[in-house]
Amino acid sequence: DTGVSQNPRHKITKRGQNVTFRCDPISEHNRLYWYRQTLGQGPEFLTYFQNEAQLEKSRLLSDRFSAERPKGSFSTLEIQRTEQGDSAMYLCASSLGGRLLAGGLNEQFFGPGTRLTVL
Amino acid sequence: GIQVEQSPPDLILQEGANSTLRCNFSDSVNNLQWFHQNPWGQLINLFYIPSGTKQNGRLSATTVATERYSLLYISSSQTTDSGVYFCAVEAPNQAGTALIFGKGTTLSVSS
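Keep in mind it's a predicted model, so treat the numbers as computed, not measured. (Residues numbered from 1 in each chain as written. Chains lettered and ligands numbered in written order. Predicted model: local features only at pLDDT ≥ 70, side-chain atom pairs only at ≥ 80, totals over all residues. Heavy atoms only, no water.)

(A) Up close: the sheet that holds strand β1 (residues 5-7) of chain A. Residue and element names in this part refer to chain A. Spatial ordering of the open sheet is given by β1-β3-β8-β7, a layout of 4 strands whose pairing is antiparallel. Unpaired on one side and paired on the other, β1 and β7 (65-68) mark the two borders of the sheet. With direction set aside, neighbouring strand axes in the sheet form an average angle of 15 degrees. As judged from the 3 bridges shared by β1 and strand β3 (residues 19-24), these two strands associate in the antiparallel manner. Bridge pairing in β3 links glutamine 6 to cysteine 23. (Pairing = 2+ DSSP bridges. Helix = DSSP H or I, 4+ residues; strand = E, 2+ residues; numbered from the N terminus. Axes fitted to C-alpha atoms, helices over the stretch in contact; angles between N-to-C directions.)

(B) Quick look at unusual backbone geometry. The omega torsion of the bond from asparagine 7 of chain A to proline 8 of chain A falls at -10 degrees, within 30 degrees of zero and hence cis. Its location among the elements puts proline 8 of chain A in the loop between β1 and β2 (10-13). Note that the residue after serine 7 of chain B, namely proline 8 of chain B, is joined by a cis bond; omega there is -10 degrees. Topologically, proline 8 of chain B is positioned in the loop between β1 (4-7) and β2 (10-14). Positive phi, close to 55 degrees, is recorded for asparagine 51 of chain A, a residue that is not glycine. Mapped onto the secondary structure, asparagine 51 of chain A falls in the loop between β5 (44-50) and β6 (53-57). When its relative accessible area of 36% is taken as the criterion, asparagine 51 of chain A is described as partly exposed. Residue arginine 68 of chain B is not a glycine yet carries a positive backbone phi of 60 degrees. Looking at the secondary structure, you find arginine 68 of chain B in the loop between β7 (59-64) and β8 (69-74). Residue classification places arginine 68 of chain B among the partly exposed positions, given a relative accessible area of 36%. (Buried < 20%, exposed > 50% of the residue type's maximum accessible area, 1.4 Å probe, protein only.)

(C) Representation of the nonpolar core. Within the largest apolar cluster, 23 residues are counted, with the highest numbers of intra-cluster contacts made by Trp34, Leu72 and Val89 of chain B. Taken together, the elements giving at least two residues each to this core come down to β2, β3 (19-25), β4 (31-37), β5 (43-48), β7, β8, β9 (83-90) and β11 (105-110) of chain B. Residues Cys23, Trp34, Leu61 and Ala88 of chain A belong to the second largest nonpolar core, which totals 19 residues. (Core = buried A, V, L, I, M, F, W, Y, C linked by side-chain atoms within 4.5 Å.)

(D) Seen up close, the pairing of β5 of chain A. Residue and element names in this part refer to chain A. Most of β5 sits inside the fold, with 5 of its 7 residues counted as buried. Relative to β5, strand β4 (residues 31-37) runs antiparallel, the two sharing 6 bridges. If you follow leucine 32 over to β5, its bridge partner there is phenylalanine 49. Linking β4 back to β5 in an antiparallel pair, the connection comprises 6 residues, with glycine 40 at a positive phi of about 80 degrees. Where β5 and β6 come together, 4 bridges link them in antiparallel fashion. Bridge pairing links threonine 47 to lysine 57 in β6. Counting the residues that bridge the hairpin from β5 to β6 gives 2 residues, and of these asparagine 51 lies at a positive phi of roughly 55 degrees.

(E) Local environment of the packing of aromatic side chains. Within this structure, the stated rule accounts for 11 aromatic pairs over all chains. Consider the rings of tyrosine 35 of chain A and phenylalanine 45 of chain A, whose centres lie 6.1 Å apart with planes at 70 degrees: the pair is edge-to-face. Taken as a pair, tyrosine 35 of chain A in strand β4 and phenylalanine 45 of chain A in strand β5 lie far apart in primary sequence, 10 residues in all. Across the pair, exposure class does not vary: tyrosine 35 of chain A and phenylalanine 45 of chain A are buried alike. In textbook terms, an aromatic cluster arises when at least three aromatic residues are bridged by ring pairs, as seen for Tyr33, Tyr35, Phe45, Tyr48 and Phe110 of chain A together with Phe35, Phe86 and Phe101 of chain B. (Phe/Tyr/Trp six-rings, centres within 6.5 Å; stacked < 30°, edge-to-face > 60°.)

Written out as structure tokens, the structure reads:
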């Protein structure tokens, strides 16, 4: 079990550029989440996949943001036309969830994050 | 939506001291997790504890679901315990089974 991995770990970009982040979840996990964390705050939910289906998007996810999980394994989060307000830590988490599990166990495990700085 | 409040916001301890961190939530929950965020930003799972009591070494946690609070106990604190501790909950009927985080408790342990 290698845990959740994210790449790159750091990204510095200029305003207006597009950026893409990758998340590789724990291999048997069917659920994948993206969160964003700004300084002094807890992480905030952005979007969630069950297998390859994107089932929910937060209001925080503007139309400049798009996420995919094409084969139900890794996921990418793209931000188009970046703005300075997009500067944050982007965290990915995965879990093994579903109605078949007794007690609804859905413990989420987080990756190390991608820190984005928009200049 | 559900509100999660953590207290105290900041805590300064001498090495060896004990501490209690509190998490209050405003509605019933399916899931409650405690995390430690290290200085590099990694969230480390401490407990998955929607109810009851669990212990792991010097750490223990108790969730009283009927009274909507959870407590994290740290005994004999060490400098490596420093960082931010987050409580996060997953509420029934909440979109996407997302975790809702509190603002965290920042713990500083000095030698």
